[in-house]
Amino acid sequence: MAQHILTPALNVFEHMALDEVLAQTVPAAPVLRFYHWTAGPAVTFGYGQFYDSVRAQTPPQAGPLCRRPTGGGMVLHGEDLTFSLVFQTGHKPKEIYAALHGAIERALLEQAHLASLRQGAVPASAYAPQQNGAAGGCFVNPVQDDLLVNGQKILGGAIRRFGSTVLYQGSLQCAGARTNPVFRRAVGAGAAAWLGVAFEARPAAQEVLAAARALAVSQYQTAAWNEKF
């Protein structure tokens, strides 16, 4: 059965760790999770980005930095609706990105009444992160199949494959995204429609949370991980 997992408030390191734990356990059915953040902002950046470049472009008040297990660009988490989706598929990341964002777009148009438009083909120079691993802001340069409102990117995501299991981490950044339940329902409806499932809300298992907290300490909050490039 597809699960919508509920968690207590977690910090940025615990969120990244929990997503990896969920992906590594290879669930039989899809798992959707909306991040419940501890107080204060945070920054995540793509697995292949250079830490020094990210640090240089991050204002001091932006909060702690954490390297994601997925790719993509640097993302400031302050008022965004952050979520992850774990599922099994043989499709390529580009195909997943287009199909999932298309389904979420349709739900946003119907439920949140946003004038969302899919981004068309863009030159390689516009992609984030920039070439050579330098920091690129995920919401500065839209890429193909991001969602935009009036030319402004509002939804981006990053993917990592664990065998046949895919971890997608997404961020919806528009007014009221984190506080207005309409956006949460629309994202959930889009994901469910694309996967052809119904998500059942249930608390995260305590052993899963314990494993995530342990991984956060041993990996995600360490300099060895965050400054590895």
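Since the model is a prediction, treat every value here as computed from it, not as a measurement.

Draft legend 1. The arrangement of the overall build of the protein chain in detail. If you tally the helices and strands in the protein chain, you get six helices and eleven strands. Within the protein chain, counting contacts between residues at least 6 apart in sequence, those at least 24 apart form 72% of the total. Surface exposure of the protein chain reaches about 10100 Å², of which carbon and sulfur atoms provide 57%.

Draft legend 2. Structural detail: helix α1 (residues 12-24). With 13 residues, α1 extends 19 Å from end C-alpha to end C-alpha; this agrees with the ideal 18 Å at 1.5 Å per step. Its side-chain oxygen 3.1 Å from the backbone nitrogen of Phe-13, Asn-11 forms the N-cap of α1. Two residues or fewer after α1 comes Val-26, characterised by a positive phi angle close to 50 degrees.

Draft legend 3. Just the packing of aromatic side chains, in detail. All told, the structure shown has eight aromatic pairs when counted by the stated rule. Measuring from ring centre to ring centre gives 5.5 Å for Tyr-47 and Phe-229, while their planes differ by 85 degrees; the resulting arrangement is edge-to-face. Taken together, the residues span a long stretch of sequence, with Tyr-47 in the loop between β3 (42-45) and α2 (51-57) and Phe-229 in the segment after α6 (223-226) at a distance of 182 residues. Relative to Trp-225, the ring of Tyr-220 lies with its centre 4.9 Å away and its plane at 65 degrees, an arrangement referred to as edge-to-face. We note that Tyr-220, like Trp-225, is buried. Aromatic rings pair up to connect Tyr-47, Tyr-220, Trp-225 and Phe-229 into one cluster.

Draft legend 4. Region of interest: the sheet that holds strand β4 (residues 65-67). Read from one edge of the open sheet, three strands run β4-β3-β5, paired in mixed fashion. Two strands in the sheet have a free side with no partner beyond their single neighbour: β4 and β5 (75-77). Between one strand axis and the next, the sheet turns by 25 degrees as a mean value, whatever way the strands run. The sheet strands contacting α1 are β3 and β4, and the helix crosses β4 at an angle near 15 degrees.

Draft legend 5. Spatial organisation of the environment of Lys-228. Here Lys-228 shows up in the segment after α6. Residue classification places Lys-228 among the partly exposed residues on the basis of a relative accessible area of 35%. Each C-alpha atom of the pair Lys-228 and Tyr-51 lies 7.6 Å from the other, and the pair is 177 residues apart in sequence. Apart from the residues lying within four places of it in its own chain, the contact partners of Lys-228 are Tyr-47, Arg-67 and Ala-223.

Draft legend 6. Expanded view of the nonpolar core. In terms of nonpolar packing, the biggest core is built from 31 residues, with Phe-83, Leu-85, Ile-104, Leu-108, Leu-155, Tyr-168 and Leu-172 touching the most fellow members. Those elements that provide at least two residues to this core are β2 (31-34), β6 (81-88), α3 (93-112), β8 (147-149), β9 (152-162), β10 (165-172) and α4 (181-195). For this core, the element with the highest residue contribution is α3, accounting for seven residues. Counting 26 residues, the second largest nonpolar core, distinct from the first, contains Val-12, Tyr-35, Tyr-220 and Trp-225.

Draft legend 7. Looking closely at the side chain of Gln-169. Among the secondary structure elements, Gln-169 is positioned in strand β10. A polar atom in the side chain of Gln-169 sits 2.6 Å from the side chain of Thr-70.

Draft legend 8. Just the confidence of the model for the protein chain, in detail. Averaged over every residue, the pLDDT of the protein chain is 89; the share at 70 or more is 89%. pLDDT under 50 marks residues 127-132. Its contacts with residues more than four places away, or in other chains, come to 17 contacts.

About the cut-offs
- Residues numbered from 1 in each chain as written.
- Predicted model: local features only at pLDDT ≥ 70, side-chain atom pairs only at ≥ 80, totals over all residues.
- Heavy atoms only, no water.
- Helix = DSSP H or I, 4+ residues; strand = E, 2+ residues; numbered from the N terminus.
- Contact = heavy atoms within 4.5 Å.
- Areas by Shrake-Rupley, 256 points an atom, 1.4 Å probe, with all protein chains shown as cover.
- Expected span 1.5 Å × (residues − 1).
- Polar contact = N/O pair within 3.5 Å; in protein donor to acceptor, adjacent residues only side chain to side chain.
- Phe/Tyr/Trp six-rings, centres within 6.5 Å; stacked < 30°, edge-to-face > 60°.
- Buried < 20%, exposed > 50% of the residue type's maximum accessible area, 1.4 Å probe, protein only.
- Pairing = 2+ DSSP bridges.
- Axes fitted to C-alpha atoms, helices over the stretch in contact; angles between N-to-C directions.
- Core = buried A, V, L, I, M, F, W, Y, C linked by side-chain atoms within 4.5 Å.
- pLDDT = per-residue confidence, 0-100.

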